[in-house]
Every structure is written in C-alpha cells, then in structure tokens.
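The chain contents come next:
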Amino acid sequence: MDDQQKLRKATYHLWTFTISKLISSFGAQVYAFAISFYILQATGSAASFAVNLICNILPRTLAAPFAGYMADKYSRKMIVVIAQIATTMAIGVLLVVSFTSGLSLAAIYTTSCILSLTSMFSGVTFTSSITGLVDKERVQRAMSLNQMSISFAAIASPAVGGLLYGAVSMPVFLIMYMSASITAVILESTMNFKLFANRKKHATGEPKESMWQSIKAGISYLKLQPLLMAIIWISLLINFLFGAFEVGYSFILIEKLKMVSQHFGFTQGAFAVGMLLLSIFFSVRKEVKFPFLVSKRGIIGMGFIMGSIAVPLMVKMTYGWIFSFYVIMMFTLGALVIIVNTPIQVMMQKQIDDDYKGRVFSILETMATALMPLGMVLYGFLYDVFAPQWVLLITAGVFLVVILVLARPSVIRAAHPELERTRSFNYSYKKGSA
C-alpha cells in the first residue's frame, strides 16, 4: 500500500471511528437512561440505583491493568471487535431474560458489570490504537472527533430516552441498543489497526512475558517518564478533589437552591454543549504547540469554576440569574474539560511507545478513577456536616495548589524545553526592536 492509499484509508478510519463511537455511545447512554429510570421506578430505592452505579465503575477500575496488558500483547482489532460482540450478546441475553422471566435486579447488575468490562476493554484498546489508525498529523483531529461523538451522544440521548421512556417497552430499548452495537461491530471490522502502527515484532523462540511481568514492565516504563508520572499524579489528585464538585453541584442546586428538575437538566446539557463545541474547534484547528501548558491553564480554570459554584450561596440572586449563572458555568466547565484533555491526550499518543500504550493508558485510567469513590463518600459526609460553600471554596483552593505544585514551571520547562527558547527569542526580538 503506497502513501496515498494509506492516507485515504486513514481518512476512512477517521469517519468510521467517529460514526462507530457515536452509534455505540448513543445506544449505551439511551440504555443507561432507561435502566436508571427502570430501577428507580421498580424499587423506589436509591441504594439499588447506587449499586448499579458501582457495577458500572468498579469492574473497569479493577480490570483496567489486564486490559492494558491484552492491548499491548494481542491483536487490538480482535479485542475491539470481540468486546463489541460481547456487548451485543450481553444485551441479547438480557432481552431474552426480559421476555422469559422478566427483568430482575440481579440480571441488570450482571449486565452492567459485563458492559462495564467490555466498554473498558474497547476504550483502552481504541485509545492505544489511534496512532495506528491515522497519520500523526491528524491525531488531534481523531481525538477531537472521538470526544465530539461522545458529547453529541450525551446531549441527544437524554432527550431521546425521555421521549421514548413510557412510550415503548424496555425490550424495545434493548433491541435499539443491540442494533447500535451490531452496527458498531460491522464498522470496526472494516478498520486496519496496523495501518500506521509501529509495534515491535517478537523473534521466534523469544520467551514470552507473563501478565504480571508485562504489567511490571509497563510500570517501569512509566517510572522512566517523569512527565507521564506528573500527569498520573495530577489525574489522581484532581479527580479525587473534583468529588467536591460531583457531589456538591447536585446537592446545592436541588437541595439548597430548589432548582426545578427541567432547569437542572438544562444546566447539565450546557456542560455537554461546551464539550461538543470545543471538540469541533479542536478538530479543525492546528495542533496545540505546548499541550501540557495549555492543559495546566485549563485545570486552573476548572479550579476557579469549582469555587464559583458556591457564589449563589453567598450572594443574593434572583432565580433567573441563578439559572443563567449555572448554565454559563457548566458550559465553561465543559469547554475546559476538552481544553485539558485533548492536547494532553494528543501529546501522550505521540510520546508513548506503541508497545506500551495499552498498559500506560490502563494505568492512567486506574489511577484516575481509583480515588473517585473515596472522594464521593468523603465529600458526601462533609456536605452533611459543614456549609457547602466552605467545602467548595477550601477544596478549590487545595485544587489550585495541587496543580500549581505538580505542574510548576520546572515541570513545564521539562515538558516543553522549546518554550524557554521561544520566550528568549521573543525577549531578544523586543529588546532589539526597542
């Protein structure tokens, strides 16, 4: 295959990848919407609903290192396609159960665990394969289109789910999700995951690493990459501290400010719109020159947004102003999430060795989510004991200190040594002009 053919195939991958993600994400989120309502209506129990959330988070956190090992040692295309087929089969079994004996919590929880695992295997492997699917010049575009499809699904799925729920039966929701999953399987099976891949070929007779040795090798590789270690520590601590926002936002708007459910939903939608618009922006603009610096500034912005959520508790506002304020804040937060994630993901895609991407991205996912449940439990307790505005403001202050320390100027200079040269050149140019 010549270079021109490879570029045409890469263009095909861009759109196939985006459409596949859009279809599967949309189906998954409509299903999640329907299942959430079903559990709450069938049981009336918040605890039952919480167990389903745990079934969505815990399996992927525990199995992420194994998924990384698989993505680095076996065919990535095979893993993605098998994971999507397993998703289809899990929904198919749940559909059969709904027809034969009716949906039970045990069946729903089991399906949620399976879907969590298949989603994680597919996600880690797809993320590890971006530089194998498209040329380096379009990695940022691929990452942006991926995020754009997820954001669009996040905006549209609650509306579609809300319109369909009550109008159609649960089996119809399951059939829709199965159809979306089958379409995704067909699209993914036409992709060439080795088009631009640069993976090492193992010599015949070379001893194979065990899974544990492979994971240890991935950790050792990470330890030799100070920038990646900084990113992992930032992800760990920032996601933990962001539990103050995750718990506090709904608590403040619904319990303290008595915002009606429709308006609360609009503020959540503004977050997805912010993500969508910035994803579109990154998909058409040239690659960010100093990604770590841009991400640092974005995280600082997120810290200020977190603290600002407390403003209506301290400053008297009319209901209309409160609603408008939170729509703007959530839109800005959604935009900042893309500003933080997209440049740093593109940088990691280009810097991490192809043979280690699966393990590195899986370790990053494990570390990023490891403290989230603890953060939610801790902040749930703090909001019951202390005034929410002080919990948010103090946490936002710690949040800003963490990013300023972990992404201090020396770390930025190590990540982008050319930044110092650019500044020196600009200073010399201005001095000479004067």
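Details of the structure are given in the entry above.
None of these values were measured; they are calculated from a predicted model.

## Notes on the packing of helix H11 (residues 291-308) against helix H16 (residues 388-406)
And step 1. For the pair H11 and H16, the least separation of the axes is 8 Å and the interaxial angle reads 170°. One way to sum up the angle between H11 and H16 is to call them roughly antiparallel. In this structure, H11 uses Lys296, Ile299, Ile300, Met302, Gly303, Phe304, Met306 and Gly307 to contact H16, whose residues at the interface are Leu392, Leu393, Thr395, Ala396, Phe399, Leu400, Ile403 and Leu404.
And step 2. Here the residues of the contact of H11 with H16 are counted per class, giving 12 nonpolar, three polar and one charged.

## Describing unusual backbone geometry
And step 1. Phi is positive for Lys258, close to 55°, though the residue is something other than glycine.
And step 2. With relative accessibility at 56%, the residue Lys258 sits in the exposed group.

## Quick look at the environment of Glu246
And step 1. By secondary structure assignment, the location of Glu246 is in helix H9 (residues 243-256).
And step 2. Glu246 sits in the partly exposed class, given a relative accessible area of 42%.
And step 3. Counting along the chain gives 129 residues from Glu246 to Gly375, while the straight-line C-alpha distance between them is 9.3 Å.

## Overview of helix H4 (residues 105-133)
And step 1. Here H4 contains 29 residues, and its C-alpha end-to-end distance of 39 Å stays within 8% of the 42 Å for a straight helix at 1.5 Å per residue.
And step 2. Bending of H4 peaks at approximately 35° at the position of Thr127.
And step 3. A large share of H4 lies buried, amounting to 21 of its 29 residues.

## Describing the packing of aromatic side chains
And step 1. Tallying each qualifying case throughout the model produces 15 aromatic pairs.
And step 2. An angle of 85° between the planes, with centres 6.3 Å apart, marks the rings of Tyr69 and Tyr74 as edge-to-face.
And step 3. Relative accessible area serves as the criterion here: at 40%, Tyr74 is assigned to the partly exposed category.
And step 4. A ring pair is formed by Tyr249 and Tyr326, whose centres lie 5.9 Å apart and whose planes are at 85°; its orientation type is edge-to-face. Linking Tyr249 in helix H9 with Tyr326 in helix H13 (residues 319-351), this pair joins segments that are 77 residues apart in sequence. The burial state of Tyr249 is the same as that of Tyr326; both residues are buried.
And step 5. Ring pairs connect the aromatic residues Phe242, Phe245, Tyr249, Phe325, Tyr326 and Phe399, which therefore count as one cluster.

Parameters and conventions
Residues numbered from 1 in each chain as written. Predicted model: local features only at pLDDT ≥ 70, side-chain atom pairs only at ≥ 80, totals over all residues. Heavy atoms only, no water. Axes fitted to C-alpha atoms, helices over the stretch in contact; angles between N-to-C directions. Helix = DSSP H or I, 4+ residues; strand = E, 2+ residues; numbered from the N terminus. Parallel < 35°, antiparallel > 145°, perpendicular 65-115°, else oblique. Contact = heavy atoms within 4.5 Å. Nonpolar A, V, L, I, M, F, W, Y, C, P; charged D, E, K, R; others polar. Buried < 20%, exposed > 50% of the residue type's maximum accessible area, 1.4 Å probe, protein only. Expected span 1.5 Å × (residues − 1). Bend = angle between axes of the 7 residues up to and from the residue. Phe/Tyr/Trp six-rings, centres within 6.5 Å; stacked < 30°, edge-to-face > 60°.

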